[in-house]
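Spelled out, the chains give:
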Amino acid sequence: MRNLIVGVDGTEASLHSLAWAAETVGIAGRLHAVVSLNPWTESLVDTITGDPVGHREVIESALVEQWTSGPGFAVGELVTSASLAAMATALDDAARADHADAIVVGAHRGITGIGGVVKRIGHSTNALLRSTKYPVVVVPADVAVVGLDGGNVVVGIGHGDATRSAVRWAAHLARDRRVGIELLHALGDAPVFQADGPLDLARFEVGAVDRASWEVGRVGHFAEVMQALSGPDLDMTVSTPPGLATLRLDEASDRSVLLVLGRHRSMLDRGHHTAQPLRHALTHARCPVVVIPDHPADDLVVHPDVAL
């Protein structure tokens, strides 16, 4: 991840995610900070103040002179832009134009509830996760800003194409950055807690899948894929702890610099389904979570005996 799009709006969460993105890309990387200018807010403010360009000038000035001034010194290239589109659309458009590696957004500080502190995921983030074809990194506002190199990256292993996408993306990351990979598959109490989507669950219930593969999560298969895509120098561990994926992934976030999870996007439900482990991780994880919606470009030479 050396070319990142970051959503910025001046809040603590967005500025923290910007700092994380700058640390991640480093001096050899590129950041594009995007702010969304709500046309209704702009019109209201300009009407009240009587200045037809005042609101936009204030926001654009803050973006350049305040919000990005610090992180700008830590990266090789910094680009800023303001868009009249909704934030989710603006970020997706910027990622497409820049051929970005990922989009970074912040998760707001939450409240303490059952299961610990629950972060708040905004409307823009939810809309982005359902629409974009790019990886989305959600950075909690209360995590330390640390780089990826030398850290432990945990990949959640479930079932279906969402898991396959996550493994392939993490393999690219391991190839390009000095990270250790942990493939984690929790042996849950029921398939409903492990399924990537409703079709996966239906196939299990009607007996259209090898039920033994659900018990082990095909961890061995995905380990082979990871090794083939990343190369012989990969530092990888495999864990299959008992219990529900939500709880095991929550625990894993304490020892991780990044949690990698697949995002199921069924054509039948137009991408509105989110598996329970992902929903929980986005609001409870104590490290950044990257959500992988689709397969990355297949530009790697792999062993012919490994099915991808």
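This write-up is about the structure you can find in this document. (Residues numbered from 1 in each chain as written. Predicted model: local features only at pLDDT ≥ 70, side-chain atom pairs only at ≥ 80, totals over all residues. Heavy atoms only, no water.)

The contact between helix H5 (residues 87-98) and helix H6 (residues 123-131) brings their axes to 8 Å, and the two run at 45 degrees. One way to sum up the angle between H5 and H6 is to call them oblique. Note that H5 runs across H6; the crossing there is right-handed. Judged by residue contacts, Met87, Ala88, Leu91 and Asp92 of H5 engage Ser124, Ala127 and Leu128 from H6. Each residue belonging to the contact of H5 with H6 can be placed in one class, and the counts come to five nonpolar, one polar and one charged. (Axes fitted to C-alpha atoms, helices over the stretch in contact; angles between N-to-C directions. Helix = DSSP H or I, 4+ residues; strand = E, 2+ residues; numbered from the N terminus. Parallel < 35°, antiparallel > 145°, perpendicular 65-115°, else oblique. Left-handed = near helix turned anticlockwise from the far one by under 90°. Contact = heavy atoms within 4.5 Å. Nonpolar A, V, L, I, M, F, W, Y, C, P; charged D, E, K, R; others polar.)

As a rule of thumb, soluble globular proteins bury nonpolar side chains together. Ranked by size, the top nonpolar core spans 49 residues in total, and within it Trp20, Val155, Ile181 and Leu258 carry the most contacts. Among the elements that take part in this core, helix H7 (residues 161-176) stands out by supplying seven residues, more than any other. When neighbours within four sequence positions are excluded, Ile181 is seen to be in contact with Asn152, Val153, Val155, Ala170, Ala174, Met226, Leu234, Asp235, Met236 and Thr237. By size, the runner-up hydrophobic cluster in this structure holds 33 residues, among which are Ala107, Val136, Ala285 and Val291. (Core = buried A, V, L, I, M, F, W, Y, C linked by side-chain atoms within 4.5 Å. Buried < 20%, exposed > 50% of the residue type's maximum accessible area, 1.4 Å probe, protein only.)

Turning to its location among the elements, His16 is positioned in helix H1 (residues 12-25). Dropping the residues within four chain positions of it, His16 is found in contact with Val139, Pro140, Ala141, Val143 and Val145.

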